[in-house]
Amino acid sequence: MVQEMHLPGSIYHGAGSIENLADAAAEIGANNLFVVISTSVLREPLNLETGLKKILKKTNLQLTLFSELKGEPTTENVIAATNNCKECNADCIVAVGGGSAIDLAKAVSVMTVNPDIKYHEIPRMKRIKRLPLIAVPTTAGTGSEATKVMVITDIDTGIKLNPGHPGLIPDITILDPELTLTLPKSFTVFTGMDALAHAVEAFVSTKATIMSDNFALKAIRLINKALPDAYKDGSDIEARETMLLGSCFAGIAFSNSSTNLAHAAGRALGARFHIPHGLSVALLLPFVVEFGLEFAQERYATIGKILNPGADGSEKTMAKETLKMIMSLNDQFHIWEEGAKYLNGSDESIIPLLVDDALAGNGILTNQVIPVHEDIKQIYQKLLKKISEYSVL
Ligand SMILES: NC(=O)c1ccc[n+]([C@@H]2O[C@H](COP(=O)([O-])OP(=O)(O)OC[C@H]3O[C@@H](n4cnc5c(N)ncnc54)[C@H](O)[C@@H]3O)[C@@H](O)[C@H]2O)c1
Ligand SMILES: [Zn+2]
(Lines give C-alpha, C1' and ligand atoms only; values in the text may rest on other atoms or scores of the structure.)
(Ligands and ions follow the chains in the order given, each with its own letter.)
Protein backbone atom coordinates (compact mmCIF):
# COMPACT_ATOMS: atom_id res chain seq x y z
CA MET A 1 0.00 0.00 0.00
CA VAL A 2 1.25 3.47 -0.83
CA GLN A 3 1.74 5.62 2.25
CA GLU A 4 2.43 9.34 2.49
CA MET A 5 4.72 11.51 4.62
CA HIS A 6 4.52 15.30 4.66
CA LEU A 7 7.05 17.49 6.47
CA PRO A 8 8.13 21.15 6.66
CA GLY A 9 10.63 22.14 3.93
CA SER A 10 13.41 23.05 6.40
CA ILE A 11 13.81 22.81 10.17
CA TYR A 12 16.41 24.84 12.08
CA HIS A 13 16.82 23.77 15.68
CA GLY A 14 18.93 24.41 18.76
CA ALA A 15 19.48 27.20 21.29
CA GLY A 16 19.81 30.51 19.47
CA SER A 17 18.35 29.22 16.19
CA ILE A 18 15.94 32.21 16.06
CA GLU A 19 18.99 34.02 14.67
CA ASN A 20 18.35 32.00 11.49
CA LEU A 21 15.12 33.88 10.83
CA ALA A 22 16.86 36.17 8.32
CA ASP A 23 18.28 33.14 6.48
CA ALA A 24 14.84 31.53 6.51
CA ALA A 25 13.24 34.65 5.05
CA ALA A 26 15.97 34.79 2.40
CA GLU A 27 15.38 31.11 1.59
CA ILE A 28 11.78 32.06 0.80
CA GLY A 29 12.69 35.27 -1.03
CA ALA A 30 10.57 37.36 1.33
CA ASN A 31 10.70 41.16 1.51
CA ASN A 32 7.82 42.05 3.78
CA LEU A 33 7.01 39.94 6.85
CA PHE A 34 3.67 39.85 8.68
CA VAL A 35 4.49 38.46 12.12
CA VAL A 36 1.66 36.90 14.13
CA ILE A 37 3.03 36.85 17.68
CA SER A 38 1.77 35.72 21.11
CA THR A 39 1.52 38.72 23.43
CA SER A 40 3.39 36.91 26.22
CA VAL A 41 6.63 36.74 24.24
CA LEU A 42 6.57 40.50 23.62
CA ARG A 43 6.95 41.05 27.37
CA GLU A 44 10.20 40.99 29.33
CA PRO A 45 12.38 39.00 29.58
CA LEU A 46 11.94 37.75 25.99
CA ASN A 47 10.98 41.17 24.63
CA LEU A 48 10.78 39.70 21.16
CA GLU A 49 9.77 42.87 19.31
CA THR A 50 13.20 44.28 19.99
CA GLY A 51 14.75 40.83 19.55
CA LEU A 52 13.27 40.30 16.08
CA LYS A 53 14.19 43.81 14.93
CA LYS A 54 17.76 43.19 16.04
CA ILE A 55 17.95 39.88 14.17
CA LEU A 56 16.59 41.43 10.98
CA LYS A 57 18.61 44.68 11.31
CA LYS A 58 21.12 43.81 8.61
CA THR A 59 18.40 42.92 6.10
CA ASN A 60 16.06 45.14 4.11
CA LEU A 61 13.07 43.19 5.37
CA GLN A 62 9.99 45.12 6.41
CA LEU A 63 8.24 43.90 9.52
CA THR A 64 4.65 44.29 10.77
CA LEU A 65 3.67 42.73 14.10
CA PHE A 66 0.16 41.44 14.81
CA SER A 67 -0.26 40.76 18.53
CA GLU A 68 -3.99 41.19 19.06
CA LEU A 69 -4.77 37.51 19.63
CA LYS A 70 -6.26 36.81 23.06
CA GLY A 71 -6.56 33.11 23.84
CA GLU A 72 -7.09 30.47 21.15
CA PRO A 73 -7.93 31.78 17.65
CA THR A 74 -11.46 32.32 16.33
CA THR A 75 -12.92 32.98 12.90
CA GLU A 76 -13.23 36.63 14.00
CA ASN A 77 -9.48 36.82 14.77
CA VAL A 78 -8.73 35.41 11.32
CA ILE A 79 -10.77 38.15 9.62
CA ALA A 80 -9.08 40.90 11.64
CA ALA A 81 -5.55 39.56 11.10
CA THR A 82 -6.13 38.90 7.39
CA ASN A 83 -7.32 42.50 6.89
CA ASN A 84 -4.17 43.75 8.64
CA CYS A 85 -1.98 41.49 6.54
CA LYS A 86 -3.54 42.71 3.29
CA GLU A 87 -3.10 46.34 4.34
CA CYS A 88 0.63 45.91 4.71
CA ASN A 89 1.07 43.91 1.47
CA ALA A 90 3.08 41.19 3.20
CA ASP A 91 4.69 38.50 1.07
CA CYS A 92 5.46 36.08 3.94
CA ILE A 93 3.78 35.20 7.25
CA VAL A 94 5.85 34.44 10.33
CA ALA A 95 4.29 32.91 13.45
CA VAL A 96 6.13 33.40 16.75
CA GLY A 97 4.20 31.92 19.65
CA GLY A 98 2.17 28.99 20.82
CA GLY A 99 -0.09 26.84 18.68
CA SER A 100 -2.68 29.63 18.79
CA ALA A 101 -0.42 32.11 16.99
CA ILE A 102 0.80 29.46 14.53
CA ASP A 103 -2.73 28.37 13.64
CA LEU A 104 -3.86 31.97 13.22
CA ALA A 105 -0.85 32.54 10.94
CA LYS A 106 -1.75 29.45 8.89
CA ALA A 107 -5.29 30.74 8.42
CA VAL A 108 -4.06 34.23 7.45
CA SER A 109 -1.62 32.77 4.92
CA VAL A 110 -4.55 30.98 3.22
CA MET A 111 -7.28 33.62 3.59
CA THR A 112 -5.10 36.46 2.27
CA VAL A 113 -4.86 34.64 -1.05
CA ASN A 114 -8.31 32.95 -1.07
CA PRO A 115 -10.73 35.46 0.50
CA ASP A 116 -13.86 33.43 -0.31
CA ILE A 117 -12.72 30.01 0.80
CA LYS A 118 -14.72 28.17 3.51
CA TYR A 119 -12.90 26.18 6.20
CA HIS A 120 -14.69 22.93 5.36
CA GLU A 121 -13.53 23.19 1.72
CA ILE A 122 -9.82 23.20 2.64
CA PRO A 123 -9.32 19.43 3.10
CA ARG A 124 -10.81 18.73 -0.32
CA MET A 125 -8.66 21.22 -2.24
CA LYS A 126 -6.14 19.74 -4.68
CA ARG A 127 -3.58 22.42 -3.98
CA ILE A 128 -3.67 25.31 -1.54
CA LYS A 129 -2.34 28.64 -2.71
CA ARG A 130 -1.12 30.64 0.27
CA LEU A 131 1.57 33.05 1.38
CA PRO A 132 4.83 31.41 2.49
CA LEU A 133 4.90 30.54 6.18
CA ILE A 134 7.67 30.40 8.79
CA ALA A 135 6.74 28.96 12.21
CA VAL A 136 8.63 29.59 15.44
CA PRO A 137 6.92 27.80 18.36
CA THR A 138 7.31 29.23 21.87
CA THR A 139 5.36 26.41 23.56
CA ALA A 140 6.36 22.75 23.31
CA GLY A 141 3.02 21.14 22.66
CA THR A 142 0.90 21.45 19.56
CA GLY A 143 3.55 20.63 16.98
CA SER A 144 1.60 23.00 14.70
CA GLU A 145 4.97 24.16 13.33
CA ALA A 146 5.11 20.81 11.51
CA THR A 147 1.46 19.79 11.08
CA LYS A 148 -1.07 20.01 8.29
CA VAL A 149 -3.82 21.11 10.69
CA MET A 150 -5.11 24.45 11.96
CA VAL A 151 -7.63 24.78 14.76
CA ILE A 152 -9.96 27.78 14.61
CA THR A 153 -13.05 28.23 16.80
CA ASP A 154 -16.17 29.13 14.85
CA ILE A 155 -17.46 32.22 16.62
CA ASP A 156 -21.07 31.48 15.51
CA THR A 157 -21.34 27.85 16.67
CA GLY A 158 -18.68 27.71 19.41
CA ILE A 159 -17.22 24.61 17.73
CA LYS A 160 -13.52 24.13 17.04
CA LEU A 161 -12.95 23.66 13.31
CA ASN A 162 -9.80 21.73 12.44
CA PRO A 163 -9.34 21.48 8.69
CA GLY A 164 -6.26 19.61 7.54
CA HIS A 165 -4.30 19.72 4.27
CA PRO A 166 -0.59 19.01 3.61
CA GLY A 167 -0.43 22.49 2.05
CA LEU A 168 -0.87 24.00 5.54
CA ILE A 169 2.48 22.64 6.79
CA PRO A 170 4.81 25.61 7.33
CA ASP A 171 7.59 25.97 4.75
CA ILE A 172 10.20 26.61 7.42
CA THR A 173 10.25 25.79 11.14
CA ILE A 174 12.62 27.18 13.76
CA LEU A 175 12.86 25.33 17.09
CA ASP A 176 14.67 27.55 19.59
CA PRO A 177 14.36 26.29 23.19
CA GLU A 178 15.46 29.67 24.59
CA LEU A 179 12.07 31.04 23.53
CA THR A 180 10.27 28.49 25.73
CA LEU A 181 12.18 29.20 28.98
CA THR A 182 9.55 31.72 30.11
CA LEU A 183 6.60 29.36 29.74
CA PRO A 184 4.90 29.12 33.17
CA LYS A 185 4.60 25.77 34.95
CA SER A 186 0.90 25.43 34.07
CA PHE A 187 1.36 25.84 30.32
CA THR A 188 4.56 23.79 30.40
CA VAL A 189 2.53 20.77 31.49
CA PHE A 190 -0.67 21.52 29.55
CA THR A 191 1.28 21.81 26.32
CA GLY A 192 3.63 18.95 27.24
CA MET A 193 0.75 16.56 27.95
CA ASP A 194 -0.84 17.65 24.66
CA ALA A 195 2.35 16.63 22.87
CA LEU A 196 2.37 13.28 24.68
CA ALA A 197 -1.27 12.76 23.67
CA HIS A 198 -0.41 13.51 20.02
CA ALA A 199 2.29 10.85 20.04
CA VAL A 200 0.20 8.24 21.89
CA GLU A 201 -2.87 8.82 19.72
CA ALA A 202 -0.81 8.80 16.49
CA PHE A 203 0.73 5.46 17.50
CA VAL A 204 -2.59 3.75 18.29
CA SER A 205 -4.47 5.30 15.35
CA THR A 206 -5.79 3.09 12.56
CA LYS A 207 -3.96 5.50 10.21
CA ALA A 208 -0.52 4.88 11.76
CA THR A 209 2.28 4.11 9.29
CA ILE A 210 5.82 2.85 9.76
CA MET A 211 7.04 6.43 9.37
CA SER A 212 4.53 8.02 11.76
CA ASP A 213 5.32 5.23 14.29
CA ASN A 214 8.97 6.16 14.17
CA PHE A 215 8.26 9.79 15.07
CA ALA A 216 5.58 8.85 17.63
CA LEU A 217 7.77 6.45 19.63
CA LYS A 218 10.74 8.82 19.62
CA ALA A 219 8.44 11.63 20.76
CA ILE A 220 7.07 9.55 23.66
CA ARG A 221 10.64 8.72 24.75
CA LEU A 222 11.77 12.37 24.61
CA ILE A 223 8.69 13.82 26.33
CA ASN A 224 8.65 11.16 29.08
CA LYS A 225 12.28 12.02 29.86
CA ALA A 226 12.08 15.80 29.68
CA LEU A 227 8.62 16.92 30.82
CA PRO A 228 9.11 16.21 34.55
CA ASP A 229 12.46 18.06 34.38
CA ALA A 230 10.98 21.07 32.53
CA TYR A 231 8.15 21.15 35.12
CA LYS A 232 10.58 21.01 38.04
CA ASP A 233 12.93 23.65 36.65
CA GLY A 234 11.68 25.81 33.79
CA SER A 235 15.19 27.15 33.22
CA ASP A 236 16.54 23.68 32.35
CA ILE A 237 17.50 24.41 28.75
CA GLU A 238 18.29 20.78 27.96
CA ALA A 239 14.81 19.69 29.06
CA ARG A 240 13.25 22.56 27.12
CA GLU A 241 15.16 21.58 23.98
CA THR A 242 14.17 17.93 24.36
CA MET A 243 10.53 18.96 24.82
CA LEU A 244 10.61 21.14 21.71
CA LEU A 245 12.00 18.27 19.64
CA GLY A 246 9.55 15.83 21.24
CA SER A 247 6.54 18.03 20.53
CA CYS A 248 7.65 18.64 16.94
CA PHE A 249 8.12 14.89 16.40
CA ALA A 250 4.72 14.23 17.97
CA GLY A 251 3.22 16.81 15.60
CA ILE A 252 4.82 15.11 12.61
CA ALA A 253 3.52 11.77 13.89
CA PHE A 254 -0.13 12.79 14.25
CA SER A 255 -0.11 14.96 11.14
CA ASN A 256 0.85 11.88 9.14
CA SER A 257 -1.40 9.53 11.14
CA SER A 258 -4.18 11.12 13.21
CA THR A 259 -5.31 12.07 16.67
CA ASN A 260 -8.31 10.18 18.01
CA LEU A 261 -10.91 10.27 20.73
CA ALA A 262 -8.90 12.18 23.37
CA HIS A 263 -8.72 15.05 20.90
CA ALA A 264 -12.28 14.74 19.61
CA ALA A 265 -13.62 14.74 23.18
CA GLY A 266 -11.01 17.28 24.36
CA ARG A 267 -11.87 19.79 21.61
CA ALA A 268 -15.58 19.56 22.53
CA LEU A 269 -14.85 20.06 26.24
CA GLY A 270 -12.31 22.84 25.63
CA ALA A 271 -14.63 24.80 23.33
CA ARG A 272 -17.66 24.65 25.70
CA PHE A 273 -15.75 25.42 28.95
CA HIS A 274 -12.98 27.64 27.49
CA ILE A 275 -10.30 25.27 28.77
CA PRO A 276 -6.80 25.58 27.26
CA HIS A 277 -6.39 22.89 24.59
CA GLY A 278 -3.59 20.96 26.27
CA LEU A 279 -5.41 20.80 29.60
CA SER A 280 -8.66 19.60 28.03
CA VAL A 281 -6.82 16.80 26.21
CA ALA A 282 -4.79 15.86 29.31
CA LEU A 283 -8.02 15.58 31.32
CA LEU A 284 -9.50 13.08 28.86
CA LEU A 285 -6.45 11.09 27.80
CA PRO A 286 -6.41 8.53 30.67
CA PHE A 287 -10.12 7.67 30.25
CA VAL A 288 -9.72 7.33 26.48
CA VAL A 289 -6.67 5.08 26.95
CA GLU A 290 -8.66 2.96 29.43
CA PHE A 291 -11.50 2.68 26.89
CA GLY A 292 -9.18 1.50 24.08
CA LEU A 293 -6.75 -0.58 26.13
CA GLU A 294 -7.88 -4.08 25.17
CA PHE A 295 -8.45 -3.16 21.51
CA ALA A 296 -4.92 -1.85 20.97
CA GLN A 297 -3.21 -3.92 23.66
CA GLU A 298 0.01 -4.63 21.76
CA ARG A 299 0.49 -0.96 20.83
CA TYR A 300 -0.27 0.24 24.36
CA ALA A 301 2.19 -2.36 25.73
CA THR A 302 4.92 -0.85 23.53
CA ILE A 303 4.11 2.60 24.92
CA GLY A 304 3.98 1.25 28.51
CA LYS A 305 7.50 -0.11 28.15
CA ILE A 306 8.77 3.32 27.09
CA LEU A 307 6.92 5.22 29.81
CA ASN A 308 8.15 2.84 32.50
CA PRO A 309 11.31 1.07 31.30
CA GLY A 310 11.68 -0.62 34.71
CA ALA A 311 8.34 -2.44 34.48
CA ASP A 312 8.04 -5.97 33.21
CA GLY A 313 5.17 -8.35 32.59
CA SER A 314 2.68 -9.71 30.08
CA GLU A 315 1.42 -7.66 27.16
CA LYS A 316 -1.75 -6.93 29.15
CA THR A 317 0.25 -5.75 32.18
CA MET A 318 2.47 -3.53 30.06
CA ALA A 319 -0.54 -2.04 28.25
CA LYS A 320 -2.02 -1.16 31.66
CA GLU A 321 1.31 0.47 32.52
CA THR A 322 0.49 3.15 29.89
CA LEU A 323 -2.70 4.00 31.75
CA LYS A 324 -0.93 3.96 35.13
CA MET A 325 1.88 6.22 33.94
CA ILE A 326 -0.42 8.76 32.27
CA MET A 327 -2.60 8.89 35.42
CA SER A 328 0.53 9.40 37.47
CA LEU A 329 1.77 12.24 35.22
CA ASN A 330 -1.63 13.94 35.58
CA ASP A 331 -1.39 13.58 39.38
CA GLN A 332 2.19 14.85 39.46
CA PHE A 333 1.36 17.88 37.28
CA HIS A 334 -1.88 18.76 39.21
CA ILE A 335 -3.93 18.33 36.05
CA TRP A 336 -7.06 17.39 38.03
CA GLU A 337 -6.91 20.48 40.23
CA GLU A 338 -6.36 22.64 37.14
CA GLY A 339 -9.36 20.98 35.50
CA ALA A 340 -11.45 21.61 38.60
CA LYS A 341 -10.98 25.36 38.07
CA TYR A 342 -13.08 25.05 34.92
CA LEU A 343 -15.33 22.07 35.66
CA ASN A 344 -16.12 22.18 39.36
CA GLY A 345 -19.85 22.45 39.88
CA SER A 346 -20.71 21.17 36.39
CA ASP A 347 -23.35 18.50 36.38
CA GLU A 348 -24.00 15.74 33.88
CA SER A 349 -26.67 17.73 32.01
CA ILE A 350 -23.92 19.13 29.74
CA ILE A 351 -22.75 15.67 28.66
CA PRO A 352 -25.19 15.00 25.75
CA LEU A 353 -24.12 18.26 24.09
CA LEU A 354 -20.43 17.41 24.58
CA VAL A 355 -20.95 13.94 23.13
CA ASP A 356 -22.69 15.38 20.04
CA ASP A 357 -19.84 17.88 19.55
CA ALA A 358 -17.23 15.14 19.94
CA LEU A 359 -19.01 12.84 17.48
CA ALA A 360 -19.23 15.64 14.92
CA GLY A 361 -15.46 16.27 14.92
CA ASN A 362 -12.43 14.42 13.55
CA GLY A 363 -10.79 11.59 15.44
CA ILE A 364 -13.70 9.21 15.96
CA LEU A 365 -13.26 6.92 12.94
CA THR A 366 -9.52 6.46 13.44
CA ASN A 367 -9.90 5.06 16.96
CA GLN A 368 -8.97 1.36 17.17
CA VAL A 369 -12.52 0.79 18.35
CA ILE A 370 -15.08 3.26 17.05
CA PRO A 371 -16.85 4.79 20.06
CA VAL A 372 -20.62 5.20 20.12
CA HIS A 373 -22.63 7.83 22.00
CA GLU A 374 -22.77 5.75 25.23
CA ASP A 375 -18.99 5.14 25.26
CA ILE A 376 -18.19 8.85 25.05
CA LYS A 377 -20.88 9.64 27.63
CA GLN A 378 -19.20 7.25 30.08
CA ILE A 379 -15.80 8.83 29.42
CA TYR A 380 -17.15 12.30 30.29
CA GLN A 381 -18.93 10.86 33.36
CA LYS A 382 -15.65 9.37 34.60
CA LEU A 383 -13.93 12.72 34.12
CA LEU A 384 -16.60 14.65 36.05
CA LYS A 385 -16.49 12.07 38.85
CA LYS A 386 -12.71 12.36 39.06
CA ILE A 387 -12.86 16.16 39.06
CA SER A 388 -15.44 16.16 41.88
CA GLU A 389 -12.76 14.63 44.15
CA TYR A 390 -10.58 17.70 43.74
CA SER A 391 -10.96 21.22 44.97
CA VAL A 392 -9.73 24.21 43.02
CA LEU A 393 -6.02 24.96 43.57
N1 LIG B 1 -2.41 22.98 14.42
C2 LIG B 1 -2.20 21.93 15.13
O3 LIG B 1 -1.65 20.95 14.67
C4 LIG B 1 -2.65 21.93 16.57
C5 LIG B 1 -2.43 20.80 17.38
C6 LIG B 1 -2.87 20.86 18.69
C7 LIG B 1 -3.47 22.01 19.18
N8 LIG B 1 -3.70 23.07 18.36
C9 LIG B 1 -4.33 24.31 18.83
O10 LIG B 1 -3.32 25.18 19.35
C11 LIG B 1 -3.90 26.04 20.33
C12 LIG B 1 -3.16 25.90 21.65
O13 LIG B 1 -1.80 26.22 21.50
P14 LIG B 1 -0.81 26.11 22.75
O15 LIG B 1 -1.21 24.96 23.57
O16 LIG B 1 0.56 26.20 22.23
O17 LIG B 1 -1.16 27.38 23.62
P18 LIG B 1 -1.30 28.94 23.22
O19 LIG B 1 -0.64 29.24 21.96
O20 LIG B 1 -2.75 29.29 23.35
O21 LIG B 1 -0.46 29.61 24.40
C22 LIG B 1 -0.88 29.46 25.74
C23 LIG B 1 -0.48 30.68 26.55
O24 LIG B 1 0.94 30.68 26.71
C25 LIG B 1 1.47 31.94 26.31
N26 LIG B 1 2.82 31.71 25.82
C27 LIG B 1 3.20 31.15 24.65
N28 LIG B 1 4.54 31.02 24.61
C29 LIG B 1 5.01 31.52 25.78
C30 LIG B 1 6.31 31.66 26.34
N31 LIG B 1 7.41 31.23 25.72
N32 LIG B 1 6.42 32.23 27.57
C33 LIG B 1 5.33 32.63 28.26
N34 LIG B 1 4.07 32.51 27.79
C35 LIG B 1 3.92 31.96 26.56
C36 LIG B 1 0.48 32.45 25.27
O37 LIG B 1 0.55 33.86 25.11
C38 LIG B 1 -0.83 32.01 25.88
O39 LIG B 1 -1.24 32.90 26.87
C40 LIG B 1 -5.35 25.58 20.48
O41 LIG B 1 -6.21 26.40 19.71
C42 LIG B 1 -5.32 24.17 19.95
O43 LIG B 1 -6.59 23.73 19.53
C44 LIG B 1 -3.27 23.05 17.09
ZN1 LIG C 1 -3.51 18.49 20.78
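Quantities reported herein were computed from a predicted structural model and do not represent experimental measurements.

Caption draft 1: Inspection of helix 1 (residues 21-28) at higher detail. Of the positions making up helix 1, those classed as buried are Leu21, Ala24, Ala25 and Ile28. Buried residues of helix 1, viewed axially, fall in a sector of 95°; they line one side. As for helix 1, its buried residues are in contact with strand 1 (10-13), strand 2 (32-37), helix 2 (48-55), strand 4 (92-97), strand 5 (133-137) and strand 8 (172-175).

Caption draft 2: Structural context of the pairing of strand 3 (residues 62-66). In terms of strand pairing, strand 2 meets strand 3 through five bridges, oriented parallel. Across the sheet, residue valine 35 finds its bridge partner in strand 3, namely leucine 65. Handedness of the crossover joining strand 2 and strand 3 through helix 2 is recorded here as right-handed.

Caption draft 3: Geometry of the environment of isoleucine 223. With respect to the helices and strands, the residue isoleucine 223 is situated in helix 6 (residues 210-232). Along the sequence, isoleucine 223 and arginine 267 sit 44 residues apart, while their C-alpha atoms lie 22 Å from each other. Those residues in contact with isoleucine 223 that lie beyond four places of it in its chain are Gly192, Ala195, Leu196, Ala199, Met243 and Gly246.

Caption draft 4: Geometry of the site of ligand 1. Near ligand 1, the surroundings consist of 31 residues, among which Ser40, Glu72, Gly98, Gly99 and Ser100 are the closest. Among the elements of the structure, helix 4 (99-111), helix 5 (185-204) and helix 9 (277-292) are those that each provide at least two residues to the shell around ligand 1. Class assignment for the residues of the shell around ligand 1 results in eight nonpolar, 20 polar and three charged. Both domain 1 (10-180) and domain 2 (185-388) contribute no fewer than three residues apiece to the shell around ligand 1.

Caption draft 5: A look at the sheet that holds strand 3. With parallel pairing, six strands are arranged side by side in an open sheet as 1-8-5-4-2-3. Each edge of the open sheet is held by one strand with a lone partner, namely strand 1 and strand 3. Taken pair by pair, the neighbouring strands of this sheet meet at an average axis angle of 15°, ignoring direction. Sheet strands in contact with helix 2 are strand 2, strand 3 and strand 4, and its direction is about 165° off that of strand 3.

Caption draft 6: Looking closely at the domain arrangement of the protein chain. Along its sequence, the protein chain is organised into domain 1 (10-180) and domain 2 (185-388). A straight line from the C-alpha centre of domain 1 to that of domain 2 covers 26 Å. With 24 residues of domain 1 in contact, the opposing surface of domain 2 contributes 26 residues. For the side of domain 1 that touches domain 2, the per-class residue count stands at eight nonpolar, twelve polar and four charged.

Caption draft 7: How the structure looks around the nonpolar core. Val36, Ile93, Ala199, Ala219, Ala265 and Leu284 are the most contacted members of the largest nonpolar core, which totals 130 residues. Residue contributions to this core peak at twelve residues, all from helix 5. Two domains each put at least three residues into this core: domain 1 (10-180) and domain 2 (185-388).

Caption draft 8: Highlighting helix 10 (residues 297-307). In terms of residue burial, helix 10 counts as a mostly covered element, since eight of its eleven residues are buried. For helix 10, the set of buried residues is Arg299, Tyr300, Ala301, Thr302, Ile303, Gly304, Ile306 and Leu307. On its buried side, helix 10 packs onto helix 5, helix 6, helix 9 and helix 11 (315-332).

Caption draft 9: Summary view of the environment of proline 184. Summarising the element assignment, proline 184 is placed in the loop between strand 8 and helix 5. Assessed through the 10 C-beta atoms surrounding it within 10 Å, proline 184 is described here as exposed. As a C-alpha pair, proline 184 and tyrosine 231 span 47 residues in sequence and 8.8 Å in three-dimensional space.

Caption draft 10: Quick peek at the packing of helix 10 against helix 11. Between helix 10 and helix 11, the shortest axis-to-axis distance is 7 Å and the interhelical angle comes to 60°. Classified by the interaxial angle, the pair formed by helix 10 and helix 11 is oblique. Helix 10 and helix 11 meet at a crossing whose hand is left-handed. Between helix 10, through Gln297, Glu298, Tyr300, Ala301, Ile303, Gly304, Lys305 and Leu307, and helix 11, the contact on the second element is made entirely by Glu315, Lys316, Met318, Ala319, Glu321, Thr322 and Met325. Here the residues of the contact of helix 10 with helix 11 are counted per class, giving seven nonpolar, three polar and five charged.

Calculation notes
Residues numbered from 1 in each chain as written. Chains lettered and ligands numbered in written order. Predicted model: local features only at pLDDT ≥ 70, side-chain atom pairs only at ≥ 80, totals over all residues. Buried ≥ 20, exposed ≤ 12 C-beta atoms within 10 Å, placed from the backbone. Helix = DSSP H or I, 4+ residues; strand = E, 2+ residues; numbered from the N terminus. Arc of directions from axis to C-beta. Contact = placed C-beta atoms within 7 Å. Pairing = 2+ DSSP bridges. Right-handed = clockwise from strand over helix to strand, strands pointing away. Near = placed C-beta within 6 Å. Nonpolar A, V, L, I, M, F, W, Y, C, P; charged D, E, K, R; others polar. Domains from an automatic or database assignment. Axes fitted to C-alpha atoms, helices over the stretch in contact; angles between N-to-C directions. Core = buried A, V, L, I, M, F, W, Y, C linked by C-beta atoms within 7 Å. Parallel < 35°, antiparallel > 145°, perpendicular 65-115°, else oblique. Left-handed = near helix turned anticlockwise from the far one by under 90°.

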